[in-house]
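Residue-level structure breakdown
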Amino acid sequence: ASVLVVQHMPAPYTHAFAHMLNERAALEVREATAGDRLARGRAFVCPGSRHLTVDARGTVALRPAQIPSQDSPSADVAMTSVAEQAAGLAIGVVLTGMGRDAALGAAAIRKSGGIVIAQDEASSAGYGMPRAAADMGCVDAMVPLSGLPETVLACVGDLLSHHLRMGHAS
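Residues numbered from 1 in each chain as written. Predicted model: local features only at pLDDT ≥ 70, side-chain atom pairs only at ≥ 80, totals over all residues. Heavy atoms only, no water.

Considerations on the overall build of the protein chain
In terms of helices and strands, the protein chain carries five helices and eight strands. Taken from the N to the C terminus, the helices and strands of the protein chain come in the order β-α-β-β-β-β-α-β-α-β-α-β-α. Relative to the 2.2 N^0.38 estimate, which gives 15 Å for 170 residues, the radius of gyration of the protein chain is 15 Å and therefore close to what a compact globule would have. In terms of its C-alpha atoms, the protein chain occupies a principal-axis envelope of roughly 45 × 35 × 30 Å. Put simply, 60% of the contacts in the protein chain that link residues at least 6 apart link residues at least 24 apart. Averaged over its 13 positive side-chain charges, the protein chain has a centre that lies 7 Å from the centre of its 15 negative ones. (Helix = DSSP H or I, 4+ residues; strand = E, 2+ residues; numbered from the N terminus. Rg over C-alpha atoms; globule rule 2.2 N^0.38 Å. Contact = heavy atoms within 4.5 Å. Lys, Arg positive; Asp, Glu negative; His and termini not counted. Charge placed at Lys NZ, Arg CZ, Asp CG, Glu CD.)

Looking at the pattern of salt bridges
For side chains of opposite charge, pairing can occur when their charged atoms come near one another. Tallied over the entire structure, the rule returns six salt bridges. Salt-bridge contacts for Asp55 lead to Arg57; the nearest nitrogen and oxygen are separated by 3.1 Å. Note that Asp140 and Arg110 form a salt bridge whose closest N and O atoms lie 2.8 Å from each other. In this pair, Asp140 is assigned in the loop between α4 (128-135) and β8 (141-143) and Arg110 in helix α3 (residues 103-111), connecting sequence segments 30 residues apart. Overlapping salt bridges, with partners in common, bring together Glu28, Arg30, Asp36 and Arg42 in one network. (Salt bridge = Lys/Arg side-chain N within 4 Å of Asp/Glu carboxyl O.)

Digging into the nonpolar core
Formed by 22 residues in total, the largest nonpolar core has its most connected members in Leu52, Met79, Val94, Ala102, Ala106 and Ile109. Mapped onto this core, the elements with two or more residues apiece are β4 (50-54), α2 (75-86), α3, β7 (115-119) and α4. Ignoring sequence-local partners within four residues, the contact set of Val94 consists of Met79, Ala102, Ala106, Ile117, Ala118, Gln119, Met129, Pro130 and Ala133. (Core = buried A, V, L, I, M, F, W, Y, C linked by side-chain atoms within 4.5 Å. Buried < 20%, exposed > 50% of the residue type's maximum accessible area, 1.4 Å probe, protein only.)

Digging into the sheet that holds strand β1 (residues 3-5)
The strands that make up a sheet are held in pairs by hydrogen bonds between backbone atoms, and each pair lies either parallel or antiparallel. Across the sheet, which stays open at both edges, the three strands sit in the order β1-β3-β2 with parallel pairing between neighbours. Sheet topology places β1 and β2 (28-31) at the edges, where each strand pairs with a single neighbour. Each strand axis lies, on average, 20° off the axis of its neighbour in the sheet, ignoring direction. Judged from the four bridges that link them, β2 and strand β3 (residues 42-45) form a sheet pairing that is parallel. (Pairing = 2+ DSSP bridges. Axes fitted to C-alpha atoms, helices over the stretch in contact; angles between N-to-C directions.)

What about a nonpolar patch on the surface?
A cluster of nonpolar side chains, Val93, Leu95 and Leu145, forms an exposed patch at the surface whose accessible area comes to about 220 Å². Classification of Leu145 as partly exposed rests on a relative accessible area of 45%. (Patch = residues over 30% accessible without salt bridge, like charges linked within 9 Å, V, L, I, M, F, W, Y side chains within 5 Å. Areas by Shrake-Rupley, 256 points an atom, 1.4 Å probe, with all protein chains shown as cover.)

Written as structure tokens, this is what we have:
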């Protein structure tokens, strides 16, 4: 799987955040640039003050946020784009955070046949974003942060198995 990370963080900090994640992760993590291609084992952090979308070929596009705010970069923009392109193979994960960003994107992923996982209230520092997604009725699993890796891996396996059973090429 390929991973997109959208963190409400201003531009100067997303590069350092990607670098820190790269040092700790088992996969390559870097800040996304326009034209990057999604690829197995690679994670991209959306640059601050930008919105990230992907096209049908898995190519990343970036555009400036109209009004930089706490929802910039926007999880809704990225998740909705992925939902439109992934044909039910997307897994959306909504982690701790204030506000409602990611709720509409999570709903789009769920509507497209994908899976949505949200962090539970007990392990969240701010439960606004996971709650907003749950209130939309689109969360398939609510898990503590410590259970997230196993849950995501199980969901990747489930989606791929289903996709292959349906006779689609991977």
